[in-house]
Amino acid sequence: MADVYLDNNATTRVDEEVVQAMLPFFTEQFGNPSSLHSFGNQVGMALKKARQSVQKLLGAEHDSEIVFTSCGTEADSTAILSALKAQPERKTIITTVVEHPAILSLCDYLASEGYTVHKLAVDKKGRLDLDHYASLLSDDVAIVSVMWANNETGTLFPVLEMAQMADDAGIMFHTDAVQAVGKVPMNLQDSAIHMLSVSGHKLHAPKGIGVLYLRRGTRFRPLLRGGHQERGRRAGTENAASIVGLGVAAERALAFMEHENTEVKRLRDKLEAGVLAAVPYAFVTGDPDNRLPNTANIAFEYIEGEAILLLLNKVGIAASSGSACTSGSLEPSHVMRAMDIPYTAAHGTVRFSLSRYTTEEEVDRVIAAVPPIVAQLRKLSPYWSGNGPVEADKAFAPVYA
Amino acid sequence: MWDYSEKVKEHFYNPKNAGAVAEANAIGDVGSLSCGDALRLTLKVDPATDVILDAGFQTFGCGSAIASSSALTEMIKGLTVDEALKISNQDIADFLDGLPPEKMHCSVMGREALQAAVANYRGEELEDDHEEGALICKCFAIDEVMVRETIRANNLSSVEDVTNYTKAGGGCSACHEGIERVLTEELAARGEVFVAAPTKAKGKSKSGLVNLNAPAPAPAAPAPAEAAPAPKMTNLQRIRRIEMVLESIRPTLQRDHGDVELLEVDGKNVYVKLTGACTGCQMASMTLSGIQQRLIEELGEFVKVIPVSAAAAAHAQLEV
């Protein structure tokens with residue numbers, strides 16, 4: 001029996017059509033697109049086509065608004081650092097507590113360099129307070145960076161409204177959309193978003209390719225200076241094969257957009273309902289009514305996520321967890337902490353993220369596999385007794401270090 | 001996924017002694033829920049002999065926390081309470097054929113649960129001064145609390161100092177940014193400014209590598225080197241001097257659960273055996289060259305330190 005891969009928010013399988021489209025660019029079409037001769041010229045044409053495919057997926061007005069980068073993280077760093085460089089008089093950044101480390105680590109570093117960083121808090125369902133956000137918009141803000149969808153819970157953020165609010169106040173707005181692109185229909189030309197990050201490997205393109213969408217007219221300072229590639233906005237010889245791959249992946253994502261929001265969503269809902277029906281003391285984290293169609297994040301109380309993953313892995317099911325142990329840090333996921341999920345549940349969160357390759361049979365297998373694994377670990381847990389948590393008066397209360 | 005040993009997997013998939021022991025007369029509850037681990041250890045101890053008759057665990061934690069708990073219960077059954085208390089967290093890790101550095105705290109938790117259970121059995125109050133922070137150095141599993149406290153206690157001011165006192169930063173050096181950050185904060189707290197050492201790719205700088213001459217955090221007696229060693233020593237004097245040098249290095253090695261043993265001296269060749277955690281350590285060759293350097297300085301002549309493998313050493317003397 002083949003293994004079941006439900007960790008598509010971490011990375012995805014490269015689409016077979018993408019692989020086929022890429023292959024010639026390692027061998028026959030190896031030219032440098034900057035060269036005048038025919039070897040380079042054909043590659044240049046292929047890149048142009050790929051750029052247009054990405055433009056179409058994002059609904060950008062111009063293909064020159066698409067800047068290829070090496071990954072989503074590079075796009076994030078480029079966006080934020082550019083805003084600070086281009087507007088040196090502005091010293092404040094607004095972001096959220098639940099961003100990906102690609103944003104949070106950079107912002108923490110910038111805070112240590114003297115910038116002011118406001119991290120918007122979230123409520124128990126992972127939602128932002130827009131009134132509080134409005135009150136922070138000032139002339140000192142260089143950039144607002146808010147993710148389109150959260151990678152752990154799939155919760156969607158109102159980035160279109162937030163971008164409009166920033167734009168009205170004359171402030172640049174960036175969104176890390178690596179989880180949303182390909183799953184959420186977009187039409188950036190009708191939005192007030194200035195910059196947006198894409199990561200190829202989240203939508204069945206290879207790893208090592210990303211995009212920064214840069215609205216025409218947005219003041220910009222490159223992260224990498226050098227050659228004239230990407231119109232001087234991102235120097236460095238183009239990763240031609242991967243760009244071609246991302247172009248095909250963008251076309252395919254557009255073609256599967258409806259499938260993603262109907263069939264994939266149906267399977268996700270089935271998986272979630274099936275697991276919750278069979279496992280007591282488990283709940284969905286984030287905002288179930290407003291999230292990506294492919295993501296289910298379930299907290300299993302009184303047990304620990306890494307142990308769950310190891311046992312799932314043993315029966316051929318791949319998922320991920322917000323537990324401390326899976327990350328090598330001592331704290332459980334900052335996203336779970338931010339939503340005020342109790343420690344005994346935060347450590348036991350498991351994220352199942354589906355893709356267009358996920359089948360009904362796979363979902364059925366997971367629904368069957370999870371309950372006994374949870375029961376097995378609860379039997380070992382000091383917080384669990386018989387069929388439920390230890391009663392309050394006998395509750396396990398260890399000496400905390 | 002983590003690089004767990006087969007032994008860890010075995011104890012995780014099929015844990016021994018899971019669940020509470022009936023008629024337990026010693027219970028130890030420990031944990032640090034923020035890092036996702038909590039453990040209840042229950043023991044049944046014979047009050048007449050102090051022998052642990054049965055042990056059981058209940059653990060909220062990851063694979064290695066469950067494996068460490070299972071290992072601990074297997075190790076202590078049949079021991080007296082005093083014998084059991086001699087088990088260190090390193091012993092638990094060794095029993096499991098090692099744990100990844102990020103997971104060593106799981107074995108620490110096992111040991112703490114044992115201490116707590118014994119305190120409970122004896123009706124004592126357990127003083128818990130253990131505290132841990134985020135891991136800074138992954139090569140040697142040193143956390144931020146340890147780095148910070150060592151900087152404070154010893155008034156350290158450079159990355160090299162931190163490496164010498166804690167080993168943090170002595171491996172791949174990727175954590176030097178983190179150590180510099182802690183140094184900057186700690187120096188600021190005592191009214192000083194952190195200044196980094198000049199960057200040098202090559203040269204005499206010893207930075208970054210474990211220095212055997214480093215003072216131990218506890219006041220260690222520095223080897224009273226009588227300057228200008230006599231030009232000619234008898235063979236016996238020479239061997240005694242070599243032993244003295246090894247003796248002065250030993251505490252440093254033992255701090256890291258390693259040890260060194262002198263096997264033979266043959267002219268310029270000094271045959272030694274590294275034992276315990278030193279065997280298979282990434283830093284073993286550094287350790288040897290450090291020993292060689294100290295010997296050359298002490299003896300005032302060139303010697304070559306040659307490691308003897310455990311197998312070869314067995315011929316020379318009984319295996320330890």
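Procedures and definitions
- Counting restarts for each chain, with residues numbered from 1 along the sequence as it is written.
- For naming, the first written chain is A and the first written ligand is 1, with later ones following in the order written.
- The predicted nature of this model means local features are confined to residues of pLDDT at least 70 and side-chain atom pairs, given and counted, to a pLDDT of 80 or more, with totals for whole chains, interfaces and linings taken over all residues.
- Strands are runs of DSSP state E lasting at least two residues, helices are runs of H or I lasting at least four, and both sets are numbered from the N terminus onward.
- Three exposure classes are used, all based on how many other C-beta atoms lie within 10 Å of a residue's own C-beta (placed from the backbone): buried at 20 or more, exposed at 12 or fewer, and partly exposed between those limits.
- Throughout, a residue-residue contact means that the two C-beta atoms, derived from backbone geometry, are no farther apart than 7 Å.
- What marks off one domain from the next here is an automatic or database domain assignment.
- In this classification, Asp, Glu, Lys and Arg are treated as charged, Ala, Val, Leu, Ile, Met, Phe, Trp, Tyr, Cys and Pro as nonpolar, and every other residue, Gly included, as polar.
- When DSSP finds at least two bridges between two strands, those strands are taken to pair.
- Only C-alpha atoms enter the line fits that serve as axes; for helices the fit covers just the stretch in contact. Angles between N-to-C directions range over 0 to 180 degrees.
- Scored from 0 to 100, pLDDT records how confident the predictor is in each individual residue.
- In this scheme, roughly parallel covers angles under 35 degrees and roughly antiparallel covers those over 145, while 65 to 115 is roughly perpendicular and the rest are oblique.
- The sense of a crossing depends on the near helix, which, turned anticlockwise from the far helix by less than a right angle, makes the crossing left-handed and, turned clockwise, makes it right-handed.

Draft legend 1. Just the overall build of chain B, in detail. For chain B, the helix and strand inventory stands at 11 helices and eight strands. Within the span of chain B, comprising 320 residues, buried residues form 38% of the whole. Considering only contacts within chain B whose residues lie at least 6 apart along the sequence, 57% involve residues at least 24 apart.

Draft legend 2. Quick look at the domain arrangement of chain A. Residues and elements named next belong to chain A. For chain A, the assigned domains read domain 1 (4-8 + 257-393) and domain 2 (16-253). In this complex, domain 1 contributes 20 residues to the contact, which on the side of domain 2 involves 19 residues. Looking at the side of domain 1 that touches domain 2, the element that brings in the most residues is helix α10 (residues 334-338), giving three residues. Here the residues of the side of domain 1 that touches domain 2 sort into six nonpolar, nine polar and five charged.

Draft legend 3. View of the sheet that holds strand β4 (residues 116-120) of chain A. Residue and element names in this part refer to chain A. On the basis of which strands lie adjacent, the open sheet formed by seven strands has the order β2-β8-β7-β6-β5-β3-β4 and mixed pairing. Only two strands of the sheet have a single partner each, and these edge strands are β2 (66-69) and β4. Here the strands of the sheet are splayed against their neighbours by 20° on average, with no regard to which way each runs. One ladder, built from three bridges, connects strand β5 (residues 141-145) with strand β6 (residues 172-176); its direction is parallel. Paired with Ile 143 across the two strands is Met 172, which belongs to β6. Helix α4 (residues 101-112) contacts β3 (92-96), β4, β5 and β6 of the sheet and is inclined by roughly 150° relative to β3.

Draft legend 4. Structural detail: the confidence of the model for chain B. Residue and element names in this part refer to chain B. Across chain B, the average pLDDT comes to 82, with 81% of residues at or above 70. For the stretch residues 204-230, pLDDT sits under 50, and the model shows 41 contacts to residues farther than four places along the chain or on other chains. Below a pLDDT of 50 lies the segment residues 313-320, which in the model reaches seven contacts outside its immediate sequence neighbourhood of four places, other chains included. Across the whole predicted complex the pTM is 0.81, and at the interface the ipTM reaches 0.83.

Draft legend 5. Region of the structure containing unusual backbone geometry. Residues and elements named next belong to chain A. A positive phi is found at His 204, a non-glycine position, where the angle reads about 70°. One can find His 204 in the loop between β7 (195-199) and β8 (210-214). Even without being a glycine, Arg 231 presents a positive backbone phi close to 55°. Among the secondary structure elements, Arg 231 is positioned in the loop between β8 and α7 (240-278). Residue Arg 231 is classed as exposed on the basis of its C-beta count, with 10 C-beta atoms lying within 10 Å.

Draft legend 6. Region of the structure containing the environment of B:Val108. For B:Val108, the position within the fold is in helix α5 (residues 104-122). Distance from B:Val108 to B:Gly290, taken between C-alpha atoms, is 30 Å for residues 182 residues apart in sequence.

Draft legend 7. Local environment of the packing of helix α2 (residues 63-76) of chain B against α5(B). All names here are of chain B. At their nearest, the axes of α2 and α5 sit 8 Å apart, and the two run at 40° to each other. Considered as vectors, α2 and α5 are oriented oblique to each other. As for how α2 packs across α5, the hand of that crossing is right-handed. Contact residues: Ser 64, Ala 65, Ser 68, Ser 69, Leu 72 and Ile 76 in α2; Cys 106, Ser 107, Met 109, Gly 110 and Leu 114 in α5. In terms of residue class, the contact of α2 with α5 is built from six nonpolar, five polar and no charged.

Draft legend 8. Fine view of the pairing of strand β10 (residues 295-300) of chain A. Residues and elements named next belong to chain A. Among the six residues in β10, six count as buried, and that is most of the element. Along β10, one buried face is formed by Thr 295, Asn 297 and Ala 299 and the opposite face, lined by Ala 296, Ile 298 and Phe 300, is buried too. Direction of pairing for strand β9 (residues 282-284) relative to β10: antiparallel, over a ladder of three bridges. Residue pairing across strands places Val 284 opposite Ile 298, the latter belonging to β10. Pairing of β10 with strand β13 (residues 349-353) involves five bridges; the strand directions are antiparallel. By the bridge assignment, Thr 295 is partnered in β13 with Ser 353.

Draft legend 9. Seen up close, the sheet that holds β9(A). Residues and elements named next belong to chain A. Read from one edge of the open sheet, four strands run β9-β10-β13-β12, paired in antiparallel fashion. At either margin of the open sheet sits one strand with a lone partner, and together these are β9 and β12 (320-321). The strands touched by α7 within the sheet are β9, β10 and β13, with β10 carrying the most contacts at an inclination of about 10°.

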